[in-house]
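The primary structure of each chain is shown beneath.
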Amino acid sequence: MRDFNSYDLNADSKFLINRLKKGEEAAYELLFKEYYQLLTVFANKYLNDIENAKEIIQDLFVHLYEKRDHLDINSSLKSYLFRSTHNRCINYINAQKIRNKYADHVKQIDTGKENSLENEVNKTELEHALYKAIDDLPPKCQIIFKMNRFEGLSNSEIADKLSLSKRTIETQISKALKILRVKMKPYMALGVLILTFMQYV
Amino acid sequence: MNCHRIREMNRKKTNTRTIARFLLEKQDKEEKVMKDKIILNDEKSRKEFDAYLQVWERSANVKDFEKVDVNEDWAKVRTRMSFLPRKQRIPLRSYALRIAAILILAFGLTYFLLQLLNKSTIYNPDYYEIASASEIVDVDLPDGSIVSLNKNAKIFRNSDFGKTNRDVILEGEAFFKVTKNKDLPFRIHSMNSTVEVLGTSFNVKTDTNSIIVSVMTGKVAFYLNEDNSKRLELNPDNAGKLNISTKEFEIEQTFDPNSIAWYTKEFVFRNKPLEEVCNVIAKYYQLDIIKDDDLKINESITITCSTQSVQDVLSNINLSLTGDVELIATKNNLIIRRQ
């Protein structure tokens, strides 16, 4: 699994943009596989509807391909993609007249505060990094951790389901925590995690 | 001291496990007390605890990513983008069946299919495909033979390879070093022809217009599937070319070792005109040749050198030139000019 810094699409933006303009499938595949999950979850924060979020992002990529001759990207590809996503989501919400489904932080973005959009993007990227770190855990560890954190099962429920002792569950969770803490260390050093943690308090 | 370190280690173990337990169970009075104990005791432990807590809390919020299947959705999206058809990897069995489903006009294909079906050893669900992409890939076959795949080439073999058969299917270009086995002829199939060998080393290059076989050592038979009386027998330093559309064979009496420079990593020029040498080098390194039209070059070159660096190759050549011409390479061009 690639980590946060292993492939810097920003650096290769110009090169990639050229290939995108030429309509090369490999370039679109690369871009999609790098950003689709991230953008979808980001869009979901606006829409609270994962299936619609997927459609919007898929439309975004198709549109990128169809209008490739007129591609005018001066900043990085990443900013372009996030900004497009933001705009599409806002448009969708306005069209659907479902403002009341907004989460509070999204309302903040809507007021046009530049910082907030960037913060939200960073936060989503951090979550993505955490998700990838969880997905990379050794199998037994991963299953148990996901059952608890994703599915909300308690220690005893997991122990029952998997026919393991509570102690084993504890061991696996503690193993997961150790690995994840190490992997997430760079993000904590940046202060981003602290910032976002505060938003939870 | 040993005791101190063991105590320290045990404490660490207890900490993480305790933290895990704490996080797992609902917070009750007892646990809370223990947690405070941990925090109060040690600033370092407190930071550690905070880090774990953050990771723990955040983890629940990332479950949305699980709901997004990138590969599945890419398959959906790419059908909406009208890309030019890419060469698809097709498992051999459905490939063969697909051909059977279409009425074949080209005899060669029909015959090839019959050959396939007749050879129960090839028509085997356990077919292995090995492909190269942007690197040269060396493949060790179970019989001890070695196949070097040039870039973007593919070879198929089945699970019985080496036991009941030595048949492979080739797309692209590869260099073969085949071990001797008179009971199992090594055969390389492409769309409409077969190359059969006993124990040799040779190069096979397939593309849409032609198949070129160059023999380095040993002996090779090269024939059409539809009519194997029409065959070329190639000796070392021979190259045979099959034109796919005309189904005609051509033979080149002198095998050009530079045609497999990708494999040997060496250029060999024996008394070759400079112009030809430049063409070979430009083609290999994918450079455009720039030369003054009125510049006449009459020299011939005899040289053997490694292909590792185009600069080295050219300086070698320049050293051996007697006239006032020199060769320069830039990123995209090979320049021939007066000194």
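To keep things clear, this report deals only with the structure shown in the data block. Everything numeric here is computed off the predicted structure, so don't read it as measured data. (Residues numbered from 1 in each chain as written. Chains lettered and ligands numbered in written order. Predicted model: local features only at pLDDT ≥ 70, side-chain atom pairs only at ≥ 80, totals over all residues. Heavy atoms only, no water.)

1. A word on the overall build of chain B
And then number 1: From N to C terminus, chain B includes 9 helices and 19 strands.
And then number 2: Counting only residues that meet the buried cut, chain B has 42% of its 339 residues in that class.
And then number 3: Long-range contacts, defined as pairs at least 24 residues apart, comprise 46% of the intrachain contacts of chain B with a sequence gap of at least 6.
And then number 4: Accessible surface, chain B as shown: approximately 19,700 Å² in total, 50% of it carbon and sulfur. (Helix = DSSP H or I, 4+ residues; strand = E, 2+ residues; numbered from the N terminus. Buried < 20%, exposed > 50% of the residue type's maximum accessible area, 1.4 Å probe, protein only. Contact = heavy atoms within 4.5 Å. Areas by Shrake-Rupley, 256 points an atom, 1.4 Å probe, with all protein chains shown as cover.)

2. Describing the pattern of salt bridges
And then number 1: Throughout the structure, instances matching the rule amount to 20 salt bridges over all chains.
And then number 2: Notably, a salt bridge pairs Lys 45 of chain A with Glu 127 of chain A, separated by 3.1 Å at the nearest N-O pair. Here the residue Lys 45 of chain A occupies a position in helix H2 (residues 25-47), and Glu 127 of chain A occupies one in helix H6 (residues 114-135), the gap between them amounting to 82 residues.
And then number 3: Judged by relative accessible area, which is 17%, Lys 45 of chain A ranks as buried.
And then number 4: In this structure, the salt-bridge partner of Lys 67 of chain B is Asp 64 of chain B, at a minimum N-O distance of 3.2 Å.
And then number 5: Put simply, Lys 45, Glu 120, Lys 123 and Glu 127 of chain A together with Arg 58 of chain B are held in one network by salt bridges that share partners. (Salt bridge = Lys/Arg side-chain N within 4 Å of Asp/Glu carboxyl O.)

3. Observations regarding the packing of helix H3 (residues 50-66) of chain A against helix H4 (residues 77-96) of chain A
Residues and elements named next belong to chain A.
And then number 1: Two elements in contact, H3 and H4, have axes whose closest approach is 10 Å; the angle formed by their N-to-C orientations is 125 degrees. On the basis of the axis angle, H3 is oblique to H4. The handedness of the crossing between H3 and H4 comes out as right-handed. Side by side, H3 and H4 meet where Asn 52, Ile 56, Ile 57, Asp 59, Leu 60, His 63 and Leu 64 of the first sit next to Tyr 80, Leu 81, Ser 84, Thr 85, Arg 88 and Tyr 92 of the second.
And then number 2: The residue inventory of the contact of H3 with H4, partitioned by class, reads 7 nonpolar, 4 polar and 2 charged. (Axes fitted to C-alpha atoms, helices over the stretch in contact; angles between N-to-C directions. Parallel < 35°, antiparallel > 145°, perpendicular 65-115°, else oblique. Left-handed = near helix turned anticlockwise from the far one by under 90°. Nonpolar A, V, L, I, M, F, W, Y, C, P; charged D, E, K, R; others polar.)

4. What about the sheet that holds strand E6 (residues 173-177) of chain B?
All names here are of chain B.
And then number 1: Spatially, 7 strands are ordered E2-E3-E6-E9-E10-E13-E14 in an open sheet, and the strand pairing comes out antiparallel. If you trace the sheet from one side to the other, it starts and ends with strand E2 (137-140) and strand E14 (248-252), each paired once. The average undirected angle you get between the axes of adjacent strands in this sheet is 15 degrees. (Pairing = 2+ DSSP bridges.)

5. Some words on the packing of aromatic side chains
And then number 1: Per the stated rule, a full pass over the model turns up 19 aromatic pairs over all chains.
And then number 2: Ring geometry for Phe 42 of chain A versus Phe 82 of chain A: centroids 5.1 Å apart, planes at 85 degrees, classification edge-to-face. You can see Phe 42 of chain A sitting in helix H2 and its partner Phe 82 of chain A sitting in helix H4, a full 40 residues away along the chain. With respect to burial, Phe 42 of chain A and Phe 82 of chain A carry one shared label: buried.
And then number 3: Ring pairs connect the aromatic residues Phe 32, Tyr 36 and Phe 61 of chain A together with Trp 74 of chain B, which therefore count as one cluster.
And then number 4: In this structure, Arg 68 of chain A packs its charged tip against the face of Tyr 65 of chain A, placed 4.2 Å from the ring centre.
And then number 5: Here the guanidinium or amino end of Arg 149 of chain A rests over the ring plane of Trp 56 of chain B, the centre of that ring lying 4.1 Å away. (Phe/Tyr/Trp six-rings, centres within 6.5 Å; stacked < 30°, edge-to-face > 60°. Lys NZ or Arg CZ within 6 Å of the ring centre and 35° of its normal.)

6. Here's the deal with unusual backbone geometry
And then number 1: In this model, Ser 163 of chain A sits at a positive phi of 55 degrees, which is unusual for a non-glycine residue.
And then number 2: Looking at the secondary structure, you find Ser 163 of chain A in the loop between helix H8 (155-162) and helix H9 (166-189).
And then number 3: For Asn 152 of chain B, which is not a glycine, the phi torsion comes out positive at approximately 55 degrees.
And then number 4: On the accessibility criterion, Asn 152 of chain B (60% relative accessible area) is exposed.

7. Concerning the interface of chain B and chain A
And then number 1: Taken residue by residue, the interface counts 39 residues in chain B and 53 residues in chain A.
And then number 2: Of the roughly 4,600 Å² buried between chain B and chain A on both sides combined, carbon and sulfur atoms contribute 65%.
And then number 3: When the buried area of chain B at its contact with chain A is split by residue, Arg 17, Arg 58 and Phe 65 of chain B rank highest and sum to 17% of it.
And then number 4: Linking chain B with chain A are 4 salt bridges, by the criterion used here.
And then number 5: A salt bridge links Arg 58 of chain B to Glu 127 of chain A; the shortest N-O distance between them is 2.8 Å.
And then number 6: Our count for the chain B to chain A interface comes out at 13 residue pairs in polar contact (both at pLDDT 80 or more).
And then number 7: Of all elements in the fold, only helix H1 (2-24), helix H3 (43-59) and helix H4 (70-80) of chain B reach the threshold of two or more residues within the side of chain B that touches chain A.
And then number 8: Per-element accounting of the side of chain B that touches chain A gives the leading share, 9 residues, to H3 of chain B.
And then number 9: A breakdown of the residues in the side of chain B that touches chain A according to their chemical character gives 17 nonpolar, 6 polar and 16 charged. (Buried area = accessible area lost by both parts, 1.4 Å probe. Polar contact = N/O pair within 3.5 Å; in protein donor to acceptor, adjacent residues only side chain to side chain.)

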